[in-house]
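# Residue-level structural notes
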Amino acid sequence: MTGQLDVIREANLGIIALNRPEAINALNLEMIDGITRALEQWADDDEIRLVLFEGRGPRGFCSGGDVRAVRQAVLEGKAEEADAFFAAEYRMNGIIARYPKPLVALTHGIVMGGGIGIAGHCAFRFTTSEARFAMPEAAIGFTCDVGVNFILSKAPVHRALTFAMTGVPVGAADALALGLTDCAIDPARRDAVRAGIAAAASATRIDAALGALMQAEMAPVGEAVLCDAADRHAGLDWTDEAVIVGTAGLEPQLAQLALRSPTSLVAIAESHHAARRFSHIGAVLAADLRLARLLCRLPDFAEGVRAVLVDKDQKPLWRPNSLAGVDRSSIRAVVGAA
């Protein structure tokens, strides 16, 4: 147990609880390293049959990685520290995605960025019906990383790209439609579901017990608003300036595209299409790392984090400020490199 991460054993259940509620459990390197250590230790521990991820505090499971700290490292000329952060996070994502024992995520509230990188790769994913999922990286001059493209590649491409490129938060219905979670539960049933997960750790057939729990606890979720909007505009190219300008007024979610970093929009589109060609999560995460190393050194990352998370004026000055100015070939080469 640390101040920011609770690692607990309860009979056959291992619990990893993000415990930095003042920052909506934003992941720093200490937390990432702690998660990795716990998972590696429990992989060979016969007493631990099931691992649960959850987040402390009322505001959410996890708001993402601590990109303010990453930005500061880059500004201080310590970009290698940023590289180390991303390498450690993506290694953790890979361990989660390929873990030899059942992993369960029980999320609530804000589930963004690096939070999806944890919960999204778990084998069994519960969320409360009021949760909000987002990959808001295009708003900070970055790319949708943490292997999320591996998850989204199972969804229709127009839905995946609309979610990734707009960066808007979506509810449980959209999260289910996009494949980001498996079961939405009534928030009032969260403790009961947690107890059911703990009981499953001692069941003869863990997978069957968790599946039955999902069937019993699924709650109404309403309409998949973003996916419905994406369906109405399937086939459009969100890296075409004219398309964005022409479509923005038709859907409130799509209007966000015109506010995003042009470099990010190209990077997100290129990395997502590449992920659909890759055969395994390792290739997706390797591409994420190459792209992260490039983008964190470009001006849009420092400017986007400043505008959204530091000064919070929500007025980033993108460079370049149009899609026509983005060096697409360089981004494509980095994403597709061996």
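Quick summary incoming for the structure in this document. Source: prediction; values computed, not measured.

### Some remarks on the packing of helix α8 (residues 190–200) against helix α9 (residues 206–217)
- Viewed as axis vectors pointing N to C, α8 and α9 meet at an angle of 165 degrees, and their least axial separation amounts to 9 Å. The angle between α8 and α9 falls in the class roughly antiparallel. As for how α8 packs across α9, the hand of that crossing is right-handed. Here α8 contributes V193, G196, I197 and A200 to the contact with α9, which in turn contributes I206, A209, L210, L213 and E217.

### Points about the packing of helix α12 (residues 262–275) against helix α15 (residues 328–336)
- It is the contact of α12 with α15, at a shortest axis distance of 9 Å, that shows an interaxial angle of 35 degrees. Crossing angle aside, the handedness with which α12 passes α15 is right-handed. Here T263, V266, A267, E270, S271 and A274 of α12 lie close against α15, whose contacting residues are R328, I331, R332 and V335.

### Topic: the pairing of strand β7 (residues 124–128)
- Of all the 5 residues making up β7, 5 are buried; the element is thus mostly covered by neighbouring parts of the structure.
- Where burial is concerned, the two faces of β7 agree: the one with F124, F126 and T128 and the one with R125 and T127 are both buried.
- Bridging between strand β5 (residues 103–107) and β7 involves 4 bridges; their strand directions are parallel. Of the residues in β7, the one forming a bridge with V104 is F124.
- Here β7 runs beside strand β9 (residues 183–185); their pairing, made up of 3 bridges, is parallel. When the sheet's bridge partners are listed, F126 is paired in β9 with C183.

### A look at the pattern of salt bridges
- Applying the stated criterion across every chain yields a total of 17 salt bridges.
- One salt bridge connects K78 with E76, and the closest N-O pair in it is separated by 3.5 Å.
- Given a relative accessible area of 33%, K78 falls into the partly exposed group.
- We classify E76 as partly exposed; its relative accessible area is 44%.
- Through salt bridges with shared partners, a single network forms among D6, E54, R56 and R194.

### Side note on the pairing of strand β1 (residues 5–10)
- Pairing analysis gives 6 bridges linking β1 to strand β2 (residues 13–18), with the strands arranged antiparallel. When the bridges of β2 are listed, E10 appears paired with L13.
- Between β1 and β2, which follow one another and run antiparallel, lie 2 residues, and A11 among them has a positive phi close to 55 degrees.

### Describing the side chain of T107
- Tracing the backbone through its elements, the reader meets T107 in strand β5.
- Note on T107: relative accessible area 2%, which makes it buried.
- One polar contact links T107 to T127, side chain to side chain, over a distance of 2.7 Å.
- Leaving out residues up to four positions away in the same chain, T107 has contacts with F61, A119, F126, T127, T128 and F133.

### Thoughts on unusual backbone geometry
- Cis geometry marks the peptide bond from R319 to P320, where omega comes out at 0 degrees.
- Look at A11: it is not a glycine, yet its phi comes out positive at around 55 degrees.
- On the accessibility criterion, A11 (65% relative accessible area) is exposed.
- Positive phi, close to 50 degrees, is recorded for V146, a residue that is not glycine.
- Here V146 lies in the loop between β8 (132–134) and α5 (148–152).
- What makes V146 buried here is its relative accessible area of 1%.

### As for the sheet that holds β9
- An order of β1-β2-β3-β5-β7-β9 is seen for the 6 strands of this open sheet, with the pairing classed as mixed. At either end of the open sheet lies a strand with only one pairing partner, and these are β1 and β9. For this sheet, the mean angle separating the axes of adjacent strands, direction not counted, is 20 degrees.
- Sheet contacts for α9: β3 (50–55), β5, β7 and β9; angle to β7, the most-contacted strand, approximately 25 degrees.

### Some points on the environment of A97
- Within the secondary structure layout, A97 lies in helix α3 (residues 79–97).
- What makes A97 partly exposed here is its relative accessible area of 30%.
- Sequence-wise, A97 and L289 are 192 residues apart; in three dimensions their C-alpha atoms are separated by 16 Å.
- Those residues within four positions of A97 in sequence are excluded, and the remaining contacts are H121 and I281.

### Examining the sheet that holds β8
- The 3 strands lie next to each other as β4-β6-β8, forming an open sheet whose pairing is parallel. In this open sheet, the two edge strands, each paired with only one partner strand, are β4 (60–62) and β8. Neighbouring strand axes in the sheet, compared pairwise and without regard to direction, differ in orientation by 20 degrees on average.
- Pairing between β4 and strand β6 (residues 110–112): 2 bridges, direction parallel. Opposite G60, over in β6, you have I110 as the bridge partner.

Scoring rules and cut-offs
Residues numbered from 1 in each chain as written. Predicted model: local features only at pLDDT ≥ 70, side-chain atom pairs only at ≥ 80, totals over all residues. Heavy atoms only, no water. Axes fitted to C-alpha atoms, helices over the stretch in contact; angles between N-to-C directions. Helix = DSSP H or I, 4+ residues; strand = E, 2+ residues; numbered from the N terminus. Parallel < 35°, antiparallel > 145°, perpendicular 65-115°, else oblique. Left-handed = near helix turned anticlockwise from the far one by under 90°. Contact = heavy atoms within 4.5 Å. Buried < 20%, exposed > 50% of the residue type's maximum accessible area, 1.4 Å probe, protein only. Pairing = 2+ DSSP bridges. Salt bridge = Lys/Arg side-chain N within 4 Å of Asp/Glu carboxyl O. Polar contact = N/O pair within 3.5 Å; in protein donor to acceptor, adjacent residues only side chain to side chain.

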